[in-house]
Amino acid sequence: MAGQPRQILVGFDGSEASQRALDAAADLVGYGSSLAVVHVRRAGAPIGGTVELAREHLLRRHFTARYLEPCGHPAKEIVEAARAVGADLVVVGRRNAFKRVLSSVSAGVVRRAPCDVLVVR
């Protein structure tokens, strides 16, 4: 990662790992940086519930962000969101180091992202 990222994207699904990723992303936001949060919904899932958790958490920390809620496969949609917002850095959480690492969302993002990726444990 070269210098201070200007556009940080964080993947958020409401899990404990994604909450840690959200905090790590907020810690990295500096002057001139902005934060975007993406929650990938399953087809037919309602809009807003999980994103609202992220919004409330960030507001308690006095941060604002852009919120995206695409539908589809999580890794693919996070990578597409990174491209759409011009992300310099994507932050994702990793749930379990021993469980299906090669097929995990974080591994998929690392393999395909157009920018640096920070995986938070």
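Quick notes on the rules
Residues numbered from 1 in each chain as written. Predicted model: local features only at pLDDT ≥ 70, side-chain atom pairs only at ≥ 80, totals over all residues. Heavy atoms only, no water. Helix = DSSP H or I, 4+ residues; strand = E, 2+ residues; numbered from the N terminus. Rg over C-alpha atoms; globule rule 2.2 N^0.38 Å. Buried < 20%, exposed > 50% of the residue type's maximum accessible area, 1.4 Å probe, protein only. Contact = heavy atoms within 4.5 Å. Areas by Shrake-Rupley, 256 points an atom, 1.4 Å probe, with all protein chains shown as cover. Lys, Arg positive; Asp, Glu negative; His and termini not counted. Charge placed at Lys NZ, Arg CZ, Asp CG, Glu CD. Expected span 1.5 Å × (residues − 1). Axes fitted to C-alpha atoms, helices over the stretch in contact; angles between N-to-C directions. Parallel < 35°, antiparallel > 145°, perpendicular 65-115°, else oblique. Left-handed = near helix turned anticlockwise from the far one by under 90°. Nonpolar A, V, L, I, M, F, W, Y, C, P; charged D, E, K, R; others polar. Core = buried A, V, L, I, M, F, W, Y, C linked by side-chain atoms within 4.5 Å.

(A) Just the overall build of the chain, in detail. Broken down by element type, the chain carries four helices and five strands. Rg of the C-alpha trace for the chain: 13 Å, near the compact-globule value of 14 Å for 121 residues, within the 12% margin. When its C-alpha atoms are laid out on the principal axes, the chain stretches across 35 × 35 × 25 Å. Looking at the chain residue by residue over its 121 residues, the buried ones come to 42%. In the chain, 76% of the contacts between residues at least 6 apart in sequence involve partners at least 24 apart. Within the structure as shown, the chain displays about 6,900 Å² of accessible surface, and the carbon and sulfur contribution to it stands at 53%. A distance of 6 Å separates the average location of the 17 positive side-chain charges in the chain from that of its 11 negative side-chain charges.

(B) Here's a closer look at helix H2 (residues 49-60). The terminal C-alpha atoms of H2 lie 17 Å apart, and with 12 residues this matches the ideal 16 Å at 1.5 Å per residue to within 8%. Of the surrounding elements, those touching the buried residues of H2 are helix H1 (16-28), strand E2 (34-38) and strand E3 (66-68). Once H2 ends, the next one or two residues include histidine 62, with phi positive near 65°.

(C) Quick look at the packing of helix H3 (residues 74-85) against helix H4 (residues 105-112). The geometry of H3 relative to H4 is characterised by a closest axis approach of 8 Å and an angle of 40° between their N-to-C directions. In terms of their interaxial angle, H3 and H4 are classed as oblique. Considering only the axes of H3 and H4, their crossing is right-handed. Taken together, the residues of H4 that come into contact with H3 (itself represented by Pro74, Ala75, Lys76, Ile78, Val79 and Arg83) are Val105, Gly108, Val109 and Arg112. Grouping the constituent residues of the contact of H3 with H4 by class yields six nonpolar, one polar and three charged.

(D) A look at the environment of leucine 68. Tracing the backbone shows leucine 68 in strand E3. Sequence-distant contacts of leucine 68, that is, excluding residues within four places in its chain, are made with Leu9, Val37, Val38, His39, Val51, Ala81 and Val85.

(E) Layout of the nonpolar core. Counting residues in each nonpolar core, the largest one holds 18 residues, and the members touching the most others are Val10, Leu22, Val37, Leu58 and Val91. Going through the elements one at a time, strand E1 (7-11), H1, E2, H2 and strand E4 (89-93) are the ones with two or more residues in this core. Here the element with the most residues in this core is H1; it accounts for five residues. What valine 91 contacts, discounting residues up to four positions off in sequence, is Ile8, Leu9, Val10, Gly11, Ala21, Ala24, Ala25, Leu118 and Val120.

(F) Quick peek at the environment of arginine 20. Mapped onto the elements of the fold, arginine 20 is located in helix H1. With a relative accessible area of 30%, arginine 20 lands in the partly exposed category. In this structure the C-alpha to C-alpha distance between arginine 20 and valine 120, which are 100 residues apart in sequence, comes to 6.8 Å. Not counting chain neighbours up to four residues away, the residues in contact with arginine 20 comprise Arg94, Val120 and Arg121.

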